[in-house]
Amino acid sequence: MEDWKRILAQSITKPKDLAKHLGVDPQEVEAVVGPYPMRITPTVLSTIKEKGDAIWKQVVPEAIEMDDIDAPDDPLEEDTDSPVPHLVHRYPDRALLMVTNQCPIYCRFCTRKRLVGKPGFLKKGELDRAIAYLHEHTEVRDVILSGGDPLLLPDYLIERILKALRTIPHLELIRFGTRVPGTLPQRITPELCEIMKQYHPIYMNLHFNHPDELTPEVKKACGRLADTGIPLGAQTVLLKGVNDDPEIMKQLMHQLLLARVKPYYLYQADLTKGTNHFRTTVETGLRIIQALQGHTSGMAVPHFVIDAPGGGGKIPLLPNEYLLNLNEEGALLKNYENKTYHYPQPNETRTRELPMVDTTTPPALCSNGARDAF
Ligand SMILES: *Cc1c(COP(=O)(O)O)cnc(C)c1O
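Predicted model only: the values in this text are computed from it and were never measured.

Thoughts on the site of the ligand
Around the ligand, the neighbouring residues are Val88, Tyr91, Arg94, Leu96, Ile144, Arg175, Tyr264, Tyr265 and Lys314. One of the side-chain N or O atoms of Tyr264 is found 2.6 Å from an oxygen atom in the ligand. Here an oxygen atom of the ligand and a side-chain polar atom of Lys314 are 3.0 Å apart. Surface burial for the ligand is 90%, taken as the share of its 390 Å² of free accessible area covered by protein chains. Here the residues of the shell around the ligand sort into six nonpolar, no polar and three charged.

Okay, structure coming up:
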């Protein structure tokens, strides 16, 4: 067995093992792990420092997950936007392909809590249907492999999917959304990198929520992917008691850049059933962006987005403070130090007052037969 598979198999999945390693009462979690499975990899277990810390909260099941009975299972209505099984086509030029329900760890705040944990990978026939759909839809130029976690597939299945995608002439980008580098870094093998190299351009967005997740081993795994020529982005979920603090978030963004990962999205937590105890106010996210913008490298500032309930897609939010006023004269701006500045508009008001030029008649020919230069 490959090393990473053996290490994944050593993960905590049973309440009695959780009791043994973390002293949690198995009775408390028994009822939770039925509907919402648990998996904690050795890497993640080793980064837990104490009960209830930022890593613990992300992976240790809590009874409160079962209290949240009114919230929707699928707040983003992904099932409604699915033209063929396992494919979500919401935006005009890109689509999401869910290739497994397996993950290295089961985040307690998962948006797809309704789906994850079930065994198995995308079957050959299901892949064929998704590929056929993508062949027909020539507007799709970007496919995101998601799940579950696509890097839990064995190498031969990853290669099968990449090969099939690269038969689609209009497909430009292949992206992976994955939490594997931060939770099962042993999976990033030279063999996997060799496969990836054959199918560029490949991009990856890695899931990280707390600076403690960037251990030396994890940073090395990110480095191997970067050396493979894969541009790395990070997706972070804003979580109460985990990272809802500007200082922690700044440390996370700095650690990501050190690991050669560019912060991409900061997500407001979704409304998913069983996850509401993680939600923060919208102002919390805006304050974090404000604390980053201008105060540290622009490279360290992600886009803060809310994935609109009801399937509206990701909507970016910026603190209101920067643009104080805007009219024909100019923009009144406030910088990160609360100082105001004026940027004048280009002088378009005069041209607006000129009589309208008749654009229906073609410009006169010059004597040499060429048209007048505009
Ligand atoms: C997030 C998402 C994408 C990708 O969005 P980008 O803004 O291009 O990163 C595509 N499809 C669905 C359904 C998504 O949720």
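Further notes follow.
Comments concerning helix 6 (residues 124-136)
Here helix 6 contains 13 residues, and its C-alpha end-to-end distance of 19 Å stays within 8% of the 18 Å for a straight helix at 1.5 Å per residue. The complete set of buried residues in helix 6 reads Leu127, Ala130, Ile131, Tyr133 and Leu134. All buried residues of helix 6 fall inside an arc of 155° around its axis, so they share one side. Turned more than 90 degrees off the buried face of helix 6, the exposed positions are Arg129 and Glu136. Among the structural elements, strand 1 (87-91), strand 2 (94-98), strand 3 (142-146) and helix 7 (155-165) are those in contact with the buried residues of helix 6.

Some points on the sheet that holds strand 12 (residues 340-344)
Read from one edge of the open sheet, three strands run 10-11-12, paired in antiparallel fashion. With one partner strand each, in any of the chains shown, strand 10 (323-326) and strand 12 form the two edges of the open sheet. Strand-to-strand twist across the sheet, computed as the mean angle between neighbouring axes with direction ignored, equals 15°.

Concerning the environment of Asp93
Position of Asp93 relative to the elements: it lies in the loop between strand 1 and strand 2. Between the C-alpha atom of Asp93 and that of Asp3, which follows or precedes it by 90 residues, the distance is 38 Å. Those residues within four positions of Asp93 in sequence are excluded, and the remaining contacts are Glu139, Val140, Arg141 and Asp142.

What counts as what
Residues numbered from 1 in each chain as written. Predicted model: local features only at pLDDT ≥ 70, side-chain atom pairs only at ≥ 80, totals over all residues. Heavy atoms only, no water. Near = heavy atom within 4 Å. Polar contact = N/O pair within 3.5 Å; in protein donor to acceptor, adjacent residues only side chain to side chain. Areas by Shrake-Rupley, 256 points an atom, 1.4 Å probe, with all protein chains shown as cover. Nonpolar A, V, L, I, M, F, W, Y, C, P; charged D, E, K, R; others polar. Helix = DSSP H or I, 4+ residues; strand = E, 2+ residues; numbered from the N terminus. Expected span 1.5 Å × (residues − 1). Buried < 20%, exposed > 50% of the residue type's maximum accessible area, 1.4 Å probe, protein only. Arc of directions from axis to C-beta. Contact = heavy atoms within 4.5 Å. Pairing = 2+ DSSP bridges. Axes fitted to C-alpha atoms, helices over the stretch in contact; angles between N-to-C directions.

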